[in-house]
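The lines below spell out each chain.
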Amino acid sequence: HSFYPSQHTPLGSDEQSEEECDDPEHHHEEGHDHGEHEEEDETAEVREILPWLKAAAELDPNREETFVTGAYWLRTGLERPKEAEEFLRDGLRANPGSYLILFELGKLFEESYQEDERARNVFEAALRRWRQQESVKEEPDVLTYAQIVWHLALLEERNGNIPKAINYLEMAKAMSHNPSGAEERIQELKKTSGSPEQGCGEIR
């Protein structure tokens, strides 16, 4: 049902995608009842993986995905956001202007620290960098673009800036392989905000 795309499923993620974690309409109702042993095993696996990721980052500091994956597990698997932030900043020093690392840093501010303003600034920086690096390519990374603007839309919606939220959703829709999901959310926001444009056409 979701428009929101999953960029990657990091190692040991137990089949749960980022789509489920970040989708504002996703409700954890059934099928997500992880037992204590399962959670302990996953934590142990994360602890085993991280040293390898950090070693890989030292050996190949220009591989942005290593920093993104390592930080993801530090903040979600081990609940160590400060260490995740340090790891991402190391990644930015090695890869100045990396939109991938900036995007993960923005999610850390948004989800771990609940600091919307800082998250917005970093997401906007990630979007600028994406445009500089990817918009000229024949096959740009549209998946990350969609995620960045989707997160910006969520922030604006949460802070009551519905027109800006709709604008970001329009941007996501224009680049999405599943534009109907974004369009459905746009119509929902127009309806809740009392826009006269609501209900334009059937959404499937």
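Not measured: the values here are computed from a predicted model.

Draft legend 1. Structural detail: the overall build of the protein chain. Across its full length, the protein chain carries 9 helices and 0 strands. Starting at the N terminus, the α and β elements of the protein chain follow one another as α-α-α-α-α-α-α-α-α. Counting across all 204 residues of the protein chain, residues that qualify as buried make up 45%. A separation of at least 24 residues holds for 55% of the contacts in the protein chain among residues at least 6 apart in sequence. Accessible surface, the protein chain as shown: approximately 11300 Å² in total, 46% of it carbon and sulfur.

Draft legend 2. Just the packing of aromatic side chains, in detail. Per the counting criterion, the structure on display carries 5 aromatic pairs. Between Phe 67 and Phe 87 the ring centres are 5.1 Å apart and the planes differ by 45 degrees, which places this aromatic pair in the tilted class. One end of the pair, Phe 67, is in helix H3 (residues 64–77); the other, Phe 87, is in helix H4 (residues 81–94), and 20 residues separate them in sequence. Comparing Phe 67 with Phe 87 shows no difference in burial state: the two are buried. Aromatic side chains Tyr 72 and Trp 73 sit 5.2 Å apart centroid to centroid with 85 degrees between the ring planes, which places their arrangement in the edge-to-face category. When sorted by exposure, Tyr 72 lands in the same class as Trp 73, which is buried.

Draft legend 3. Seen up close, the nonpolar core. Judged by nonpolar contacts, the single largest core of 49 residues is most densely connected at Leu 50, Phe 109, Leu 127, Val 149 and Tyr 168. Sorting the residues of this core by element identifies helix H2 (36–59), H3, H4, helix H5 (99–112), helix H6 (116–134), helix H7 (142–158), helix H8 (162–175) and helix H9 (179–192) as the ones contributing at least two each. When sequence neighbours within four positions are dropped, the list of residues in contact with Val 149 reads Leu 127, Tyr 168, Met 171 and Ala 172.

Draft legend 4. Up close: H3. Look at H3: 19 Å from first C-alpha to last across 14 residues, which is about the 20 Å you get at 1.5 Å a residue. In terms of burial, H3 is a largely internal element, 11 of the 14 residues being buried. Once H3 ends, the next one or two residues include Glu 79, with phi positive near 55 degrees.

Draft legend 5. Representation of the pattern of salt bridges. What the rule picks out here adds up to 17 salt bridges. A salt bridge links Glu 115 to Arg 118; the nearest nitrogen and oxygen atoms lie 2.8 Å apart. Since its relative accessible area comes to 36%, Arg 118 is described here as partly exposed.

Draft legend 6. Expanded view of a negative patch on the surface. A cluster of acidic side chains, namely Glu 36, Glu 38, Glu 39, Glu 40, Asp 41, Glu 45 and Glu 48, defines a negative patch on the protein surface. As for its placement among the helices and strands, Asp 41 is situated in helix H2.

Draft legend 7. Fine view of H7. The end-to-end C-alpha separation of H7 is 24 Å, in line with the 24 Å expected for 17 residues at 1.5 Å each. Counting buried positions along H7 gives 13 out of 17 residues, so the element sits mostly inside the fold. After H7 finishes, the residue Gly 160 shows a positive phi value of roughly 80 degrees.

Draft legend 8. View of the confidence of the model for the protein chain. A residue-level look at the protein chain finds 78% of positions with pLDDT of 70 or above and a mean pLDDT of 83. Counted against residues more than four places away or in other chains, residues 196–204, with its pLDDT under 50, gives 12 contacts.

The rules behind each value
- Residues numbered from 1 in each chain as written.
- Predicted model: local features only at pLDDT ≥ 70, side-chain atom pairs only at ≥ 80, totals over all residues.
- Heavy atoms only, no water.
- Helix = DSSP H or I, 4+ residues; strand = E, 2+ residues; numbered from the N terminus.
- Buried < 20%, exposed > 50% of the residue type's maximum accessible area, 1.4 Å probe, protein only.
- Contact = heavy atoms within 4.5 Å.
- Areas by Shrake-Rupley, 256 points an atom, 1.4 Å probe, with all protein chains shown as cover.
- Phe/Tyr/Trp six-rings, centres within 6.5 Å; stacked < 30°, edge-to-face > 60°.
- Core = buried A, V, L, I, M, F, W, Y, C linked by side-chain atoms within 4.5 Å.
- Expected span 1.5 Å × (residues − 1).
- Salt bridge = Lys/Arg side-chain N within 4 Å of Asp/Glu carboxyl O.
- Patch = residues over 30% accessible without salt bridge, like charges linked within 9 Å, V, L, I, M, F, W, Y side chains within 5 Å.
- Lys, Arg positive; Asp, Glu negative; His and termini not counted.
- Charge placed at Lys NZ, Arg CZ, Asp CG, Glu CD.
- pLDDT = per-residue confidence, 0-100.

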